[in-house]
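Residues per chain, in single letters:
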Amino acid sequence: MHDIKWIRENPEEFDKGLKRRGLSPLSSEILKIDADHKIVQQNLQVLQSRRNEIAAAIGQAKRSGDNVESLTQEGSEIRERMPVLEEKEKELKGKLHHFLITLPNRLLPSVPHGKDESENVVVRTVGKPRTFSFAPKEHFDLGEASGMMDFEQAARMSGSRFVILKKHLALLQRALSNFMLDLHTQEFGYTEVSPPLLVNESSMFGAGQLPKFAEGAFQTTSGHWLIPTSEVSLTCWGADRMLMEEELPLRFVAHTPCFRSEAGAAGRDTRGMLRQHQFYKVELVSFSKPEEGLEELDRMVGAAEEVLKKLEIPYRVVSLCSGDVGFSALKTYDLEAWLPGQNAYREISSCSLCGDFQARRMNARFKGKDSKEKPQFPYTLNGSGIAVGRALIAVLENYQQEDGSIQVPRVLIPYMGGLTEI
RNA sequence: GGAUGGGUGGCCGAGCGGUUGAAGGCAACGGUCUUGAAAACCGUCGAGGGUGUGAGCCCUUCGUGAGUUCGAAUCUCACCCCAUCCGCCA
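Sequence order as written defines the numbering, with residues in each chain counted from 1. The naming scheme follows written order: chains are lettered A onward, ligands numbered 1 onward. Totals for whole chains, interfaces and linings use every residue, but because this is a predicted model, local features are given only for residues with pLDDT of at least 70 and side-chain atom pairs only at 80 or more, for both listing and counting. The side-chain numbers reported here are obtained from all heavy atoms of the structure, hydrogens and water having been left aside.

### Things to note about the protein's contact with RNA strand B
- Looking at RNA strand B, there are 25 residues lining it, with Gln 48, Arg 51, Arg 79, Lys 90 and Lys 369 nearest.
- In this text, near means that some heavy atom of the residue lies within 4 Å of the molecule or strand in question. Backbone sugar and phosphate groups make up 78% of those atoms of RNA strand B lying within 4 Å of the protein.
- Residues adjacent in sequence count toward polar contacts only when both atoms are side-chain atoms; beyond that, a polar contact is any pair of N or O atoms within 3.5 Å, and within protein one must be able to donate a hydrogen and the other to accept it. Taking Arg 51, its side chain carries an N or O atom lying 2.3 Å from a phosphate oxygen of RNA strand B.
- Here Arg 79 contributes a side-chain N or O atom positioned 2.6 Å from a phosphate oxygen of RNA strand B.
- Throughout this entry, Asp, Glu, Lys and Arg are counted as charged residues, while Ala, Val, Leu, Ile, Met, Phe, Trp, Tyr, Cys and Pro are counted as nonpolar. The remaining residues, Gly among them, count as polar. Split into classes, the residues belonging to the surface near RNA strand B amount to four nonpolar, ten polar and eleven charged.

### Overview of the pattern of salt bridges
- For salt bridges, the criterion is a side-chain nitrogen of Lys or Arg within 4 Å of an Asp or Glu carboxyl oxygen. Tallied over the entire structure, the rule returns 22 salt bridges.
- Among the ionic pairs, Asp 269 bridges to Arg 275, the shortest N-O distance being 2.9 Å.
- With a 1.4 Å probe rolled over the protein chains alone, any residue whose accessible area is under 20% of its type maximum counts as buried; one over 50% counts as exposed, and the rest are partly exposed. Owing to a relative accessible area of 12%, Arg 275 belongs among the buried residues under this scheme.
- Note that Glu 283 is salt-bridged to Lys 281, the shortest N-O span being 2.6 Å.
- With relative accessibility at 2%, the residue Glu 283 sits in the buried group.
- Through salt bridges that share partners, Glu 262, Asp 269, Arg 275 and Arg 346 make up one connected network.

### Section: the domain arrangement of chain A
- Those domain boundaries reflect an automatic or database domain assignment. Assigned domains within chain A: domain 1 (4-102) and domain 2 (117-416).
- Distance between the C-alpha centres of domain 1 and domain 2: 43 Å.
- Note on contacts: a residue pair qualifies if any of its non-hydrogen atoms lie within 4.5 Å across the two residues. If you look at the interface, domain 1 gives four residues, while domain 2 gives eight residues.
- Once two parts are put together, the accessible area they lose, assessed with a 1.4 Å probe and summed over both, is termed the buried area. Between domain 1 and domain 2, the buried area comes to about 570 Å², and carbon and sulfur atoms account for 45% of it.

### What about unusual backbone geometry?
- Backbone torsion omega between Leu 248 and Pro 249 reads -5°, so that peptide bond is classified as cis.
- To qualify as a helix, a DSSP run of H or I must reach at least 4 residues; to qualify as a strand, a run of E must reach at least 2; elements of each kind are numbered from the N terminus. Here Pro 249 lies in the loop between β7 (241-244) and β8 (250-259).
- Backbone torsion omega between Gly 385 and Ile 386 reads 5°, so that peptide bond is classified as cis.
- Within the element layout of this structure, Ile 386 appears in strand β14 (residues 379-387).
- For Arg 161, which is not glycine, the phi torsion reads 65° and is therefore positive.
- One non-glycine residue, Glu 312, lies in positive phi territory at about 55°.
- Assignment of secondary structure puts Glu 312 in the loop between α10 (293-311) and β10 (315-319).

### A word on the sheet that holds strand β9 (residues 278-288)
- The criterion for strand pairing is that DSSP finds at least two bridges linking the strands in question. Reading across from one edge, β1-β10-β11-β12-β14-β9-β8-β4 is the order of the eight strands in this open sheet, with mixed pairing throughout. Each edge of the sheet is formed by a strand with only one pairing partner; in this case those strands are β1 (121-126) and β4 (191-193). Shown here is a sheet whose adjacent strand axes are inclined to one another by a mean of 25°, direction ignored.
- Where β10 and strand β11 (residues 331-339) come together, five bridges link them in antiparallel fashion. Each residue of the ladder has a partner; that of Arg 316, found in β11, is Glu 336. What counts as an axis is a line fitted to C-alpha atoms, over the stretch in contact for a helix, and the angles between N-to-C directions run from 0 to 180 degrees.

### Describing the packing of helix α7 (residues 167-187) against helix α12 (residues 388-398)
- Across the interface, α7 lies against α12 with an axial gap of 10 Å and an inter-helix angle of 115°. As judged from the angle between their axes, α7 and α12 are roughly perpendicular. The element α7 and its partner α12 pack so that their crossing is right-handed. For the pair α7 and α12, the contacting residues are Leu 169, Leu 172, Gln 173, Leu 176, Ser 177 and Met 180 in the first and Val 388, Ala 391, Leu 392, Val 395 and Leu 396 in the second.
- Among the residues forming the contact of α7 with α12, the class breakdown is nine nonpolar, two polar and no charged. In what follows, roughly perpendicular refers to angles from 65 to 115 degrees, roughly parallel to angles under 35, roughly antiparallel to angles over 145, and oblique to any angle outside these ranges. Left-handed is the label given to a crossing in which the near helix is rotated counterclockwise from the far helix by less than a right angle, and right-handed is the label when the rotation is clockwise.

### A word on the nonpolar core
- Among the buried residues, those of types Ala, Val, Leu, Ile, Met, Phe, Trp, Tyr and Cys that are joined through side-chain atoms within 4.5 Å form a nonpolar core. Core analysis: the largest hydrophobic core is formed by 64 residues, its most contacted members being Leu 172, Leu 176 and Met 180.
- At nine residues, the largest contribution of residues to this core is made by α7.
- Discounting residues that sit within four places of it in the chain, Leu 172 has contacts with Leu 392, Val 395, Leu 396, Leu 412, Met 416 and Ile 422.
- Counting 15 residues, the second-largest nonpolar core is a separate cluster that includes Leu 26, Ile 30, Val 40 and Ile 101.

### Considering helix α3 (residues 27-64)
- Helices are assigned an expected span. That span is 1.5 Å times one less than the residue count. Its 38 residues place the ends of α3 54 Å apart at the C-alpha level, agreeing with the 56 Å of an ideal helix rising 1.5 Å per residue.
- Of the positions making up α3, those classed as buried are Ser 27, Ile 30, Ile 33, Asp 34, His 37, Val 40, Leu 44, Leu 47, Ile 54, Ile 58 and Ala 61.
- Those residues of α3 hidden inside the fold are in contact with α1 (4-9), α2 (11-20) and α4 (69-102).
- Positive phi shows up at Gly 65, right after α3, with a value of about 75°.

Below you can see the structure in the form of structure tokens.
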């Protein structure tokens, strides 16, 4: 959600921001509504003020036994005049609000310009892809050949974009999750949380998933939404709360299933488990002071990177360009893991600084000890740390051997009961 | 699903038609006292918006939305949410 005050003060910058998002300028339209609203509001307030005076005077007069009739009559007259203004005020306020909640967040100046993901900028590349003495296979070939990854039966029970893992692959998935949780809680100070997977409408709104992206998520018959990412639950930890400045930054990590309808992705990544309706993800969320947001973003990216470093999987860090940064974000870095089977880097994590955009939507605020300070909106950040299903793919493809077996990454061996090969 | 109780400021909690934006307590902040701290005492202390150079003034806000009234936290209606008990399931 945007800050109308900021738009008033920076209309041209606001429009520039919209332009970078591929939208046409709106500041003059918005500020016109804002100005109209202010006028109506002021007129309304004059009436309200008089109404209050009269009511107080009547209260006074009644106590002293004075005649009240003329006052009562004026009150009635005012009451008749109010509804028109009230309605107008509500209408303008609604229009204004609509703009503020439906437009995407602005972008930081450091976000590279570009129209889609093809123009994202590689910031750094870490690790060298291994050279193979044979043609590396894709994860689904490896998985199916092992008999531990079953798309067919999953399709029978659930449809496309589902998978059944079993035996060592199921174990590997669990091992990855545990390893990541341990890393983030023990080395990076994140607090582990086990949040709801079903959330209400206002939580989805607060995180910026609604109203725009309703098709992307599943809704239950009870009206709940299945979280498309635990970013929703974790960020809503702060909803309608007043946090203490001293407790910032707050850092949470959760391991949850995520549910996505993938409505807009027809035909993309249809094979394998790269794009599923349901997948596990370890998610990082921070609440920071505004001035510490960027620093916290770097820290978060570092935590996500550490997962891949420890797994010894080559990857690169990409700064998303203006056309690819999501609705709620000010700036986003993706981590892309090297997948030898695809001979490509593929997204495995996405870390975003959302500024006060989500905090405004969900009314998360913080206040310093000094009671004279006004409450402020904290900055929210979220990042995958990392997508577990995709991490499993990356392990399979990077650690495959010629006979189709998979070496277990060194850091995972303790999580695999000592198993060194699958 | 059925029954009951309830949603008030950072938190707890009173208020149940008229100086109530809301008692009291806690927390926080400032001060007195103290070698220092604690305790005690005194004081300050909700949020959002409008307006003004400013002190200030005004409006809104007691779950949400409608309604009654000159006037609503207080009365009426609808809805949402929470708690507890019962039923059902794990």
